[in-house]
Amino acid sequence: MRPSRSFVAVICAIAGLGTSPAAVRAQFPEDVQVGTRVRVWLPEAYAQEEGPARRQLLRGAVAAVGVDTLRLSIPGAYSALAIPRTSVRRLEVSRGYPSRAESALERAAGGAIGGAILWALMNDPRRSGGPHYRRDWRAAGVGAAWGAGIGAGIGFLFPHEQWRRVRLPRLR
């Protein structure tokens, strides 16, 4: 015996009645799985010395994900910290640490851009002492070379953890 389409539609509608639209919006995205390293930004009443103003910044591994609660395992803490979805201001998922070569290339590109801009702005062809170039583009080339070298060295020695922001639906 094959059920009619209207019967299947009625059953699906009844099953969906138990879930309110607010509960669906409160759920966490699929990127947030147990064991994933995340960075959570929470509101704070007082400004911190370091970090964003009026924001508490927590890093840890996801211990459990509920409908409206994120349980975060923070290193050095006795148990997992329960964070309500309504208090999360921003959520980011770790993409891990890049290789030293990848980090060096990334920092070299940023250093080259910054060095080119800085040296071009500082260039004065009429200056008698110190480095001076007849054209700003020559100064920019030298600055790009220095910036790339310094950026590559820093990137190679100090690779940094990369984060990707997870968009959370707005709660109303």
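This text follows the structure it describes.
Residues numbered from 1 in each chain as written. Predicted model: local features only at pLDDT ≥ 70, side-chain atom pairs only at ≥ 80, totals over all residues. Heavy atoms only, no water.

A. Structural view of the pattern of salt bridges. In the structure shown here, the tally under the stated rule is three salt bridges. The salt bridge partner of Arg-37 is Glu-161, with a shortest N-O separation of 2.8 Å. With a gap of 124 residues between them, Arg-37 in strand β1 (residues 37–43) and Glu-161 in the loop between α4 (136–157) and β6 (162–166) connect regions that are remote in the sequence. In this structure Arg-37 comes out as partly exposed when scored by relative accessible area, which is 33%. Overlapping salt bridges bring together Arg-39, Arg-90 and Glu-92 as one network. (Salt bridge = Lys/Arg side-chain N within 4 Å of Asp/Glu carboxyl O. Helix = DSSP H or I, 4+ residues; strand = E, 2+ residues; numbered from the N terminus. Buried < 20%, exposed > 50% of the residue type's maximum accessible area, 1.4 Å probe, protein only.)

B. A look at the nonpolar core. Ranked by internal contacts, the top residues of the largest apolar core, which has 14 residues, are Val-38, Val-40, Leu-70, Ile-83 and Leu-91. Where this core is concerned, the elements lending two or more residues are β1, β2 (55–65), β3 (69–73) and β5 (90–96). Among the elements that take part in this core, β1 stands out by supplying three residues, more than any other. Non-local contacts of Leu-70, meaning those with residues more than four positions away in its chain, are made with Phe-28, Val-32, Val-40, Val-62, Ala-64, Val-65, Leu-81, Ala-82, Ile-83 and Leu-91. (Core = buried A, V, L, I, M, F, W, Y, C linked by side-chain atoms within 4.5 Å. Contact = heavy atoms within 4.5 Å.)

C. Seen up close, the side chain of Glu-161. With a relative accessible area of 14%, Glu-161 lands in the buried category. Of note is the side chain of Glu-161, whose polar atom sits 2.8 Å from the side chain of Arg-37. In this structure the side chain of Glu-161 is engaged in a polar contact, spanning 2.6 Å, whose partner is the side chain of Ser-94. Leave out the neighbours within four places in its chain, and Glu-161 touches Arg-37, Ser-94, Gly-96 and Tyr-97. (Polar contact = N/O pair within 3.5 Å; in protein donor to acceptor, adjacent residues only side chain to side chain.)

D. Region of interest: α4. The terminal C-alpha atoms of α4 lie 31 Å apart, and with 22 residues this matches the ideal 32 Å at 1.5 Å per residue to within 8%. Listed in full, the buried residues belonging to α4 are Ala-139, Ala-140, Gly-143, Gly-147, Gly-151 and Gly-155. For α4, the angular spread of the buried residues around the axis is 115 degrees, confining them to a single face. Exposed residues pointing more than 90 degrees away from the buried face of α4 are listed as Ala-145, Trp-146 and Leu-157. Lining the buried residues of α4 we find α3 (100–122). (Expected span 1.5 Å × (residues − 1). Arc of directions from axis to C-beta.)

None of this, on its own, says anything about what the molecule does.
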